[in-house]
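# Descriptive analysis of the structure
If you want the building blocks of each chain, they are given just below.
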Amino acid sequence: MAAKNGKTRIAAIGDIHTQDTDKGKWRPFFEEVSKNADVLVICGDLTDTGDETEAQILVEELKACTIPIVAVLGNHDHEKGRHKLIRQIMQQHEGLHILDGEAVVVADTGFAGVKGFGGGFDNHMLSMFGEGAMKTFVQETVDETLHLDRALARLDQEHKDLKKIAVMHYSPVKATVIGESEEIFPFLGSSRLAEPLSRRGVIAAFHGHAHMGTLEGEAPGGVKVFNVSKPVLTKAGYKTPYYLLEV
């Protein structure tokens, strides 16, 4: 299903942080999104403490959502090491795709998704030098970037001239984390994640994680980047916190 103008309407939100007390809280949100969009994107932190009971509550809430959903996990979903179980529970909802270095085509649009990781931005990116712990930190970001690139490459190989959207939790650009303390920028994302976006012709990228960040930014090559963390959308004046993009 697409909008009357032939474009696909993508609603995006991140950091919903579902809690054990949220039964019934999200149903009106999902009902409204279903009326106004063709696809819903959730950019990580589906749960608040990474507990499977929170994921089960969210699955119940998602019964009110009647459009396809594309999501990635966030750092909160990894907190208790139960991220694989959370993904398994979430996939009980028909029409929900949780991506982890994978790609899917929904409503004539290709979506590639990763969690991403930190490492800093531009001239202040951490390098793979020094202690083993530092190298491991940077390697995690390198691996996530490779996973994103491969997912986008699969879309190119299997679906020529397809509109491509990237979904992640961590930011690929500095612009959308501005508002947070500069001291924590290295833990909010990495410019390494931006490289595949422009090279693979991505139309737009969505992320969350930086609750005090900025809604809009741009990656090299003119790729639009949107920080759709729920607190950012609320601060920007969205009464129902989702960003709607037509592609």
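Quick summary incoming for the structure in this document. Predicted model only: the values in this text are computed from it and were never measured.

## Considering the overall build of the protein
On a plain count of helices and strands, the protein comes out with 6 helices and 11 strands. Over its C-alpha atoms the protein spans a radius of gyration of 17 Å, differing by no more than 12% from the 18 Å that the globule rule assigns to 247 residues. The principal-axis extent of the C-alpha atoms belonging to the protein is close to 50 × 40 × 35 Å. Looking at the protein as a whole, 53% of its 247 residues qualify as buried. A separation threshold of at least 6 residues defines the contact pool for the protein, and within that pool the share at least 24 residues apart is 74%. About 11,100 Å² of surface is accessible on the protein, with carbon and sulfur atoms providing 51% of the total. Across the protein, 27 positive and 35 negative side-chain charges occur, with their mean positions spaced 4 Å apart.

## Observations regarding the packing of helix α2 (residues 52–61) against helix α3 (residues 83–90)
Where α2 contacts α3, the axes come no closer than 9 Å and their chain directions differ by 15°. Here α3 runs roughly parallel to α2, going by the angle between their axes. Helix-helix and strand crossings are classified by hand; for α2 and α3 the assignment is right-handed. Contact with α2, carried on its side by Glu-52, Ala-55, Gln-56, Leu-58 and Val-59, involves Leu-85, Ile-86, Ile-89 and Met-90 of α3 and no other residues of that element. Partitioned by chemical class, the residues of the contact of α2 with α3 number 7 nonpolar, 1 polar and 1 charged.

What counts, and at which threshold
Residues numbered from 1 in each chain as written. Predicted model: local features only at pLDDT ≥ 70, side-chain atom pairs only at ≥ 80, totals over all residues. Heavy atoms only, no water. Helix = DSSP H or I, 4+ residues; strand = E, 2+ residues; numbered from the N terminus. Rg over C-alpha atoms; globule rule 2.2 N^0.38 Å. Buried < 20%, exposed > 50% of the residue type's maximum accessible area, 1.4 Å probe, protein only. Contact = heavy atoms within 4.5 Å. Areas by Shrake-Rupley, 256 points an atom, 1.4 Å probe, with all protein chains shown as cover. Lys, Arg positive; Asp, Glu negative; His and termini not counted. Charge placed at Lys NZ, Arg CZ, Asp CG, Glu CD. Axes fitted to C-alpha atoms, helices over the stretch in contact; angles between N-to-C directions. Parallel < 35°, antiparallel > 145°, perpendicular 65-115°, else oblique. Left-handed = near helix turned anticlockwise from the far one by under 90°. Nonpolar A, V, L, I, M, F, W, Y, C, P; charged D, E, K, R; others polar.

These figures capture arrangement, not role.
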